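Take a look at the letters that make up each chain.
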Amino acid sequence: MGIRGWLRDRLAQSTASRSQGLDLLTAHPGALELPELAGINLTGALRPWSVARLELIMREAAVNPSLATLQAARQARHCLSVFWLAAPTDQLPELYKGPIGILQRLQLEGPLVRQALARDEQLWLAQLTRQLASSDQKPRQHNLLLAVIPYTRPGGFSIGNPLEKLPDWLIKDYADYCDMSLQAQLQGPVGLLEAASEEAGQPVETILNQLQPLTEQRGDEAMACFRDKQAVARMTDLIERYGVHPEDREVLEELSGLRCIVAQLWLDTDSDQGKNLYTTPVGGVTRALIRANFGRELVDVQDQQIRAAMTSPDSAEALLAMLLFYPAGSVSLSSSSSLPVWLAEELDTLQ
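Across its full length, the chain carries 19 helices and zero strands. When the 351 residues of the chain are sorted by exposure, 46% land in the buried category. Partitioning the contacts of the chain with sequence separation of at least 6, the portion at a separation of at least 24 is 69%. Element-wise, carbon and sulfur atoms account for 51% of the exposed surface of the chain, whose accessible area totals about 17,400 Å².

Where helix H12 (residues 219-227) is concerned, the buried positions are Ala-222, Met-223, Cys-225 and Phe-226. Here the buried residues of H12 occupy an arc of 145° about the axis, which is enough to place them on one side. Facing away from the buried side of H12 by over 90 degrees, the exposed positions are Asp-220, Glu-221 and Arg-227. Looking at the buried side of H12, the elements it contacts are helix H13 (229-244), helix H14 (249-268), helix H15 (274-278) and helix H16 (281-291).

A few words now on the packing of H12 against H14. Packed helix pairs are specified by the crossing angle of their axes together with the interaxial distance, meaning the distance between the axes. The N-to-C vectors of H12 and H14 enclose an angle of 120°; their axes lie 10 Å apart at closest approach. Classified by the angle between their axes, H12 and H14 sit oblique to one another. Crossing of H12 over H14 shows left-handed handedness. Across the interface between the two elements, Gly-219, Ala-222, Met-223 and Phe-226 of H12 pack against Leu-258, Ile-261, Val-262 and Leu-265 of H14. Split by residue class, the contact of H12 with H14 holds seven nonpolar, one polar and no charged.

One non-glycine residue, Asn-161, lies in the positive phi region at around 50°. Along the polypeptide, Asn-161 turns up in the loop between helix H7 (141-148) and helix H8 (162-165). Look at Asn-293: it is not a glycine, yet its phi comes out positive at around 60°. Secondary-structure assignment places Asn-293 in the loop between H16 and helix H17 (301-309).

Remark: helix H2 (residues 51-63) packs on helix H5 (residues 99-109), axes separated minimally by 10 Å, with the N-to-C direction vectors making an angle of 15°. One finds that H2 runs roughly parallel with respect to H5. Two packed elements cross with a definite hand, and for H2 against H5 that hand is left-handed. Between H2 and H5, the contacting residues are Val-51, Leu-54, Glu-55, Met-58 and Arg-59 on the first element and Pro-99, Ile-100, Leu-103, Leu-106 and Gln-107 on the second. Each residue belonging to the contact of H2 with H5 can be placed in one class, and the counts come to seven nonpolar, one polar and two charged.

This brings us to H13. Over its 16 residues, H13 extends 23 Å from the first C-alpha to the last, a length consistent with the 22 Å expected when each residue adds 1.5 Å. Residues of H13 that are buried: Ala-231, Val-232, Met-235, Leu-238, Ile-239 and Tyr-242. Buried residues along H13 cover an arc of 115° about the axis, so they all sit on one side. In H13, those exposed residues whose orientation departs by more than 90 degrees from the buried face are Lys-229, Gln-230, Glu-240, Gly-243 and Val-244. Among the residues of H13, the N-terminal cap falls to Asp-228, whose side-chain oxygen and the backbone nitrogen of Gln-230 are separated by 2.9 Å.

It is worth spelling out the packing of aromatic side chains at this point. The tally for this structure, following the rule as stated, stands at seven aromatic pairs. When the centroid spacing of 5.8 Å and the interplanar angle of 85° are considered together, the rings of Trp-49 and Phe-83 count as edge-to-face. Residue Trp-49 is found in the loop between helix H1 (4-7) and H2, and its partner Phe-83 is found in helix H3 (residues 67-86); the two are separated by 34 residues along the sequence. Overall, the relative accessible area of 21% leaves Phe-83 in the partly exposed class. Both rings, one in Phe-83 and one in Trp-84, keep their centres 5.5 Å apart while their planes meet at 65°; by these two values the pair is edge-to-face.

Below, the discussion takes up the confidence of the model for the chain. On average, residues of the chain score 79 in pLDDT, and 77% of them are at 70 or above. Mean pLDDT per element in the chain: H1 is the minimum at 44, and H7 is the maximum at 95. Residue range residues 4-21 is modelled with pLDDT below 50. Its contacts to residues more than four positions away, or to other chains, number 36 contacts. Segment residues 27-35: pLDDT under 50, and 25 contacts once partners within four positions in sequence are set aside and those in other chains are kept.

How each quantity is defined
Note on numbering: residues in each chain are counted from 1, in written sequence order. Reporting of local features is limited, given that this is a predicted model, to residues whose pLDDT is at least 70; pairs of side-chain atoms are given and counted only at 80 or more, and all residues count toward the totals for whole chains, interfaces and linings. With hydrogens and water stripped out, all remaining heavy atoms of the structure feed into the side-chain values. Numbering goes from the N terminus for both helices and strands, where a helix is a DSSP run of H or I of at least four residues and a strand is a run of E of at least two. Each residue's exposure class comes from its accessible area (1.4 Å probe, protein chains only) as a fraction of the maximum for that residue type: buried when under 20%, exposed when over 50%, partly exposed otherwise. Two residues form a contact once any of their heavy atoms are found within 4.5 Å. Values of accessible area rely on a 1.4 Å probe in the Shrake-Rupley scheme; residue burial ignores everything except the protein chains shown. What the arc covers is the set of directions going from the helix axis to the C-beta atoms. Between N-to-C directions, angles span 0 to 180 degrees; the directions come from axes that are lines fitted to C-alpha atoms, helices contributing only their stretch in contact. Reported orientations rely on four angle classes, namely roughly parallel under 35 degrees, roughly antiparallel over 145, roughly perpendicular from 65 to 115, and oblique for the rest. Two helices that cross are described as forming a left-handed crossing if the nearer one is turned anticlockwise from the farther one by less than a right angle, and a right-handed crossing if clockwise. In the scheme used here, Gly and all other residues not listed as nonpolar or charged are polar, with Ala, Val, Leu, Ile, Met, Phe, Trp, Tyr, Cys and Pro taken as nonpolar and Asp, Glu, Lys and Arg as charged. Any helix carries an expected span of 1.5 Å times its number of residues minus one. Polar contacts, as counted here, are pairs of nitrogen or oxygen atoms within 3.5 Å of one another; within protein the pair requires one atom able to donate a hydrogen and one able to accept it, and residues that are adjacent in sequence qualify only if both atoms are side-chain atoms. Planes of paired rings set the category: under 30 degrees apart is stacked, over 60 is edge-to-face and the rest tilted, where pairs are Phe, Tyr or Trp rings (Trp by its six-membered ring) whose centres lie within 6.5 Å. What pLDDT conveys is the predictor's confidence in a given residue, as a value from 0 to 100.

Right, dumping it as structure tokens:
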């Protein structure tokens with residue numbers, strides 16, 4: 001895997017002709033409507049739909065994002081939002097554990113949450129947000145949260161005192177999507193240079209070794225990119241574009257590929273060479289990615305697996321690789337005494 005947008009053609013985004021309505025109950029052949037609005041009913045009126053159909057729509061949007069598939073996903077999102085509003089409050093835990101909850105998490109992992117809201121969706125979000133802030137709606141607060149969160153961007157929505165207000169069945173997904181800094185409180189701080197836990201079976205180092213190499217582009221081949229001034233300028237431009245448009249899917253995918261290349265270089269580096277590598281463009285790109293807080297982004301399943309495996313780095317170089325996959329402020333260093341001076345001096349400026 002290389003810098004994905006550089007090594008393959010962009011996926012062609014198809015357009016579709018206008019049609020009337022969208023069938024959310026059965027598979028419906030033909031073109032999907034592409035109106036200027038999302039086509040949702042702001043009254044919250046129910047419409048026929050099925051779990052299987054919504055799942056198909058959401059997965060299609062994730063695998064083949066286009067104007068047509070994202071438009072269908074917008075209407076599917078609204079159907080699920082209306083469902084949560086009408087669901088019995090005492091049944092929410094069971095519903096969330098079942099197929100409906102899977103749909104909820106599926107859409108939070110899909111591309112739609114990084115797209116701008118249509119005008120009617122903005123009105124829908126404002127309507128839900130007002131209700132969520134109303135004391136009269138407190139008994140159905142969890143219903144409203146489930147309905148509103150898919151209309152927000154990752155890390156773009158939060159509530160006060162979530163540990164007190166949210167139930168156990170919802171708190172983890174809230175932390176993963178809305179407030180990654182809360183993960184440290186739920187799981188405990190991530191340790192530095194400590195023995196990996198084997199309680200779950202395999203040591204963390206073993207799991208990470210199974211994932212390696214993170215990319216096929218490594219060693220001299222990868223370093224060649226960082227000796228090319230134009231390539232480094234392209235990397236810098238991508239990071240700057242992410243700061244301006246963090247929802248741009250193409251930028252996210254390219255930076256995800258770049259991050260894997262940089263992380264693998266650090267994992268392949270001997271401890272006596274870390275300082276030298278840090279002074280090269282590899283170090284500059286590493287610093288830029290961390291300061292841009294790209295570590296909060298998990299673009300695909302591989303990113304998720306890498307973060308899960310990187311919890312107990314055994315060297316300064318592994319720590320730098322790890323910081324590339326965690327949001328700013330979420331890594332708590334138990335001690336800096338075992339770090340080399342060159343990195344200990346830099347940590348305060350990185351996070």
